[in-house]
Structures are given as C-alpha cells and as structure tokens.
Amino acid sequence: MRIDDRIDDILRAIDAAGRRRSLLPIEGAAGPWIRVAGRDLVNFCGNDYLGLAHDQRVIDAAARAAEIHGAGAGASRLVTGNPAGYEELESALAGFVGKDAALLFGSGWHANTGLLPALAGAGDVIFSDDLNHASIIDGARLSRAKCIVYRHADLDDLENKLKDERARARSAIVVTESIFSMDGDAPDLAAIAGLCGRHDAALVVDEAHALGVTNDGRGRVAGLGLSGAVFAVVGTFGKALGSFGAFVAGNARLRELLINTARPAIFSTALPPPAVGAAREALRILADEGEPLVSRLRENSVAMARWARAAGFETPDPPGAIMSIVLVEEARAVAAESALADAGVLARSIRPPTVPPGTSRLRLTACAAHADGDISRLGRALRTIKGAPNET
Ligand SMILES: *Cc1c(COP(=O)(O)O)cnc(C)c1O
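Residues numbered from 1 in each chain as written. Predicted model: local features only at pLDDT ≥ 70, side-chain atom pairs only at ≥ 80, totals over all residues. Heavy atoms only, no water.

**Remarks on the overall build of the protein chain**
For step 1, the next point in the chain: Along its length, the protein chain carries 14 helices and 13 strands.
For step 2, the next point in the chain: For the protein chain, the spread of C-alpha atoms along the three principal axes comes to 55 × 55 × 55 Å.
For step 3, the next point in the chain: Residues classed as buried in the protein chain amount to 51% of the 392 residues present.
For step 4, the next point in the chain: When contacts within the protein chain are restricted to residue pairs at least 6 apart in sequence, those whose partners lie at least 24 apart make up 70%.
For step 5, the next point in the chain: Per element, the accessible surface of the protein chain, about 17000 Å² overall, is 54% carbon and sulfur.
For step 6, the next point in the chain: Across the protein chain, the mean location of the 43 positive side-chain charges is 2 Å away from that of the 48 negative side-chain charges. (Helix = DSSP H or I, 4+ residues; strand = E, 2+ residues; numbered from the N terminus. Buried < 20%, exposed > 50% of the residue type's maximum accessible area, 1.4 Å probe, protein only. Contact = heavy atoms within 4.5 Å. Areas by Shrake-Rupley, 256 points an atom, 1.4 Å probe, with all protein chains shown as cover. Lys, Arg positive; Asp, Glu negative; His and termini not counted. Charge placed at Lys NZ, Arg CZ, Asp CG, Glu CD.)

Below, the structure written as structure tokens:
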C-alpha cells in the first residue's frame, strides 16, 4: 500500500468515527480572554493558571536570558548545554518540592518518557493509574517493564495488584498524577505512599497540574508533607509556571542515574536559555510572592464549580483548577462547546481517544486572571447547555 493511501485510510476512519481534530487559530495572546475568528471569548481552557506566561517579570527574565546566553542551548546538557543558571534552577526546584536534587528535561513528555525507562526495565513492574497522562503511559511502555494498570485512584485495586504482582518482580514503581489532567480530581497520595511503603514500591508523582495550584502553590507532595515518602516528583513549566520545560526531582542518586541513562536528557538539546530564565523567575515569584495569585486561583476555581452547580450540573469543588463536566456522548460535548462559544466562552470538548468512550466532556480550567464577571459569564453560558438530567 502506498503511504499516502494508508494515510487517507486512517483519516477517513477518524472522520467516520466523528473524531477528526483540528487546530484552532487564535489571534494575539492566549490570556484570560482570547480572540478567535474575530470574537473575544473568555478562555476556560488554558493551563497558564497564574497568568505567569504574560507576567512582565517573567517575559523580561526570558529576554535577559536570551541576550546573555542566546536563543538556544546549542547542545545536549551532557555536551555543552549546561550554562550557568541551569543547575541553580535545579537546586531551587528541588528545594521547592522538598527533594535533594532535580534534573531539567525538555518537557513533561520528555520527563516521563525518560524517568520511567531509567527506573524500570524487563523484570520490573510499573503500577499505573488508569487515567494517567499519555506521557506516563508511553514512558511505561518504553521501559519494557510489566505495566499493571489499576482502577482510577482505587486504593483497594492498587493494593490487590501489589499483593498479586509485587513479589514476582525485581523492583516496583507506582506512578500517579497528583491532580488528574482530564478529570481534575486528586488521589489519596498519603494512602498510596503508605501502600508503597508496605509493598516496597517507589512512588512517582506527576505534579503537572498541582504545582503552583494546590497547597499554597507547593503542589500536593510537599504540601501534604509527603516529600520523604515520594521517590520522584515530576513537575512542568508549561502550566502554572508559564513557560516550557520540566524537571524530575528526587535524591542525588536518581539525578546521577538520569544524567547517565535517561535518553531524552542525553539525546535531546537542552532547554533553551529563555525557557530556563522564565522558569527561574516564575519559581521566584511563586515562592516569594505567589500567595495572592494562588489564593485568587483557588477562589476562581471554587466559583467556577459553584456557578456550574447553579446551572444544574453536579460539580464538586475541584481540588485544583480543572473542572470536568461529563456530557457522555461525543456529539453532546461538541454541541456544548459551540453553544458556549456563542455565549462568549471558550471551553473545549474532550472526546475519545483522549478520554474513555462514554465520558466525553467539557474540561474547564480557571485561572487567577479571571475577573468575577468572567466566571459569571461562564455560569450563564452553562445554563444554555443544561439539557437532559444525569450529567455529573
Ligand atoms: C501536560 C502534562 C504533561 C506534559 O508536559 P509538557 O511539558 O506539556 O510536555 C505531563 N504530565 C501531565 C500530567 C500533564 O498534564
């Protein structure tokens, strides 16, 4: 088969399933408001939770880093891509999440696909939450360890699987997000850490949607006093920290392992200096003066859920800034997306294969920069889509 024909077949199958995705062109910057096709909409789908991507201090830090160190790092960290400032950022990150050391990665995708294969291989076992992010799933696959998926945030299922499978494996990893990226819920990390302790498994926690958001911005691992019980923390800069890049934090031994064996760290160009400069300043703001931003984000997240409940949806207050309104059918989620846009609100529908079939939804994210009127506009817009009962 010619490759073009094969591609056409694949795209036709996606169309037949009603799942063709497309890129949404936006005009200008993606802040709390966003211009799409000539219309200004309130943006409820970004991950720039604290507005730091548009904070002048962060922008200036990125520009300064570019002036001094250039637009690009020019090589992998192991070659010449280790200019001054990179290790200082790593130490600051490690301290922030309560670990001894950290290593930067090109993105959260690189971090998870580098970390899991570095920690586990054939003969080992990785226990992974059913709703973990695609980068965790791919990292587990790349590792060649046995991957055992446990029911979402289900401690009994995890414990049973640990009892059945742990003893047969050499080493064991349990990996979970601390705020789930699609459902926005939070697993019981302390209990998971307890299970890991009892069954000799190392706990890896991806804090992509918790860092800068929960527990005064420290994330859930440090915020819950679990830094000692969690083996490795993954954090990203692309969400609340407003730029791009990621890190893995753990003990000094883990950092050495990653420098020597994590393929995305070894074979990919180091983060560009402007991203490192931006992340350093964003972290400084978060640590030194983040309180008003983080509290405002919290107020907006709770207000978002309150307005959704007033519109008739059963939405508990989210532990982070992500609220998911499950509309079940794909067509309904897509129709809701366009009804919200008509009402001046940008929220994107999330459908299979990103989420399991029968759980198509609107995924809404609050940000600190939303004004009260922005959230009430969402509330009014949600009323227009409230139809049949049974939504959650
Ligand atoms: C976004 C995300 C990633 C990927 O991070 P990037 O830096 O955007 O590549 C990893 N894990 C989780 C849970 C995420 O939500």
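The discussion continues.
**Examining the sheet that holds strand β11 (residues 345-346)**
For step 1, the next point in the chain: Strand order in the open sheet made by the three strands is β1-β2-β11, with mixed pairing throughout. A single partner strand is all that each edge strand has here, and the edge strands are β1 (33-36) and β11. (Pairing = 2+ DSSP bridges.)

**Considering the site of the ligand**
For step 1, the next point in the chain: Lining the immediate environment of the ligand, one finds 13 residues, of which Gly-108, Trp-109, Asp-206, His-209 and Lys-239 sit closest.
For step 2, the next point in the chain: Note that an oxygen atom of the ligand is positioned 3.0 Å from one of the backbone N or O atoms of Trp-109.
For step 3, the next point in the chain: Contacts to the ligand include His-209, whose side-chain N or O atom sits 2.7 Å from an oxygen atom.
For step 4, the next point in the chain: When isolated, the ligand has an accessible area of 380 Å², and the protein chains bury 86% of it.
For step 5, the next point in the chain: Take the shell around the ligand: its biggest share by element is three residues, from helix α4 (residues 108-119).
For step 6, the next point in the chain: When its residues are assigned to classes, the shell around the ligand shows two nonpolar, eight polar and three charged. (Near = heavy atom within 4 Å. Polar contact = N/O pair within 3.5 Å; in protein donor to acceptor, adjacent residues only side chain to side chain. Nonpolar A, V, L, I, M, F, W, Y, C, P; charged D, E, K, R; others polar.)

**Re the layout of surface pockets**
Over the atoms rolls a probe the size of a water molecule, and its path tells where empty space is left.
For step 1, the next point in the chain: Of the pockets and cavities examined, the largest pocket occupies roughly 1400 Å³.
For step 2, the next point in the chain: The wall of the largest pocket is formed by 49 residues, among which Arg-21, Met-182, Ile-350, Thr-354 and Arg-363 lie closest to the centre.
For step 3, the next point in the chain: Of all elements in the fold, only α5 (134-143), α13 (330-342), β12 (348-350) and β13 (360-365) reach the threshold of two or more residues within the lining of the largest pocket.
For step 4, the next point in the chain: Looking at the lining of the largest pocket, the element that brings in the most residues is α5, giving four residues.
For step 5, the next point in the chain: Partitioning the lining of the largest pocket into residue classes produces 22 nonpolar, 14 polar and 13 charged. (1 Å grid on protein atoms, 1.4 Å probe; cavity = no way out; pocket = protein on both sides within 12 Å on 5 of 7 lines; lining within 4 Å. Points joined across faces, edges and corners; volume = space filled by probe spheres on them.)

**Topic: the sheet that holds β13**
For step 1, the next point in the chain: A sheet is described by the order of its strands in space; here three strands give the open sequence β10-β13-β12, paired in antiparallel fashion. Looking at the sheet topology across the chains shown, the edges are occupied by β10 (322-328) and β12. In this sheet, neighbouring strand axes are inclined to one another by 35° on average, regardless of whether the strands run parallel or antiparallel.
For step 2, the next point in the chain: Here six bridges tie β10 to β13, and the two strands are oriented antiparallel to one another. Within the sheet, the bridge partner assigned to Ile-325 lies in β13 and is Leu-362. (Axes fitted to C-alpha atoms, helices over the stretch in contact; angles between N-to-C directions.)

**Structural notes on unusual backbone geometry**
For step 1, the next point in the chain: Here the bond from Pro-352 into Pro-353 is cis, since omega is 10°, no more than 30 degrees from zero.
For step 2, the next point in the chain: For Val-328, which is not glycine, the phi torsion reads 70° and is therefore positive.
For step 3, the next point in the chain: Checked against the element boundaries, Val-328 lands in strand β10.
For step 4, the next point in the chain: Looking at Val-328, the relative accessible area reads 38%, which means it is partly exposed.

**Here's the deal with α13**
For step 1, the next point in the chain: Given a rise of 1.5 Å per residue, 13 residues ought to cover 18 Å, and the 19 Å separating the end C-alpha atoms of α13 matches this to within 8%.
For step 2, the next point in the chain: Of the residues making up α13, those classed as buried are Ala-333, Ala-336, Glu-337, Leu-340 and Ala-341. Down the axis of α13, the buried set is contained in an arc of 135°. They therefore lie on one face. Turned more than 90 degrees away from the buried face of α13, the exposed residues are Ala-331 and Asp-342.
For step 3, the next point in the chain: If you follow the buried residues of α13, they end up packed against β2 (39-43), β10, β11, β12, β13 and α14 (372-385).
For step 4, the next point in the chain: Phi for Gly-344, located one or two positions after α13, is positive at around 90°. (Expected span 1.5 Å × (residues − 1). Arc of directions from axis to C-beta.)

**A short note on the packing of aromatic side chains**
For step 1, the next point in the chain: Counted by the stated rule, this structure contains one aromatic pair.
For step 2, the next point in the chain: When the centroid spacing of 6.0 Å and the interplanar angle of 25° are considered together, the rings of Phe-237 and Phe-247 count as stacked. Of the two residues, Phe-237 sits in the loop between β8 (232-236) and β9 (246-250) while Phe-247 sits in strand β9, which places them 10 residues apart along the sequence. Here Phe-237 and Phe-247 have matching classes, each one buried.
For step 3, the next point in the chain: Here the basic side chain of Lys-386 rests over the ring of Phe-313, its NZ or CZ set 4.9 Å away from the ring centre. (Phe/Tyr/Trp six-rings, centres within 6.5 Å; stacked < 30°, edge-to-face > 60°. Lys NZ or Arg CZ within 6 Å of the ring centre and 35° of its normal.)

**Concerning the pattern of salt bridges**
For step 1, the next point in the chain: With the rule as written, the count across this model stands at 28 salt bridges.
For step 2, the next point in the chain: The salt bridge partner of Arg-284 is Glu-281, with a shortest N-O separation of 2.9 Å. Here Glu-281 and Arg-284 lie together in helix α11 (residues 273-289), a separation of three residues that amounts to about one turn.
For step 3, the next point in the chain: Judged by its relative accessible area of 27%, Arg-284 is partly exposed.
For step 4, the next point in the chain: Taken together, the salt bridges that share partners define one network made up of Asp-55, Arg-57, Glu-281, Arg-284, Asp-288 and Glu-289. (Salt bridge = Lys/Arg side-chain N within 4 Å of Asp/Glu carboxyl O.)

**Examining the packing of α4 against α5**
For step 1, the next point in the chain: Between α4 and α5, the shortest axis-to-axis distance is 7 Å and the interhelical angle comes to 30°. By the angle between their directions, the pair α4 and α5 is classed as roughly parallel. Crossing hand, α4 versus α5: right-handed. For the pair α4 and α5, the contacting residues are Gly-108, Trp-109, Asn-112, Thr-113, Leu-116 and Pro-117 in the first and Ala-134, Ser-135, Ile-136, Asp-138, Gly-139, Ala-140, Leu-142 and Ser-143 in the second. (Parallel < 35°, antiparallel > 145°, perpendicular 65-115°, else oblique. Left-handed = near helix turned anticlockwise from the far one by under 90°.)

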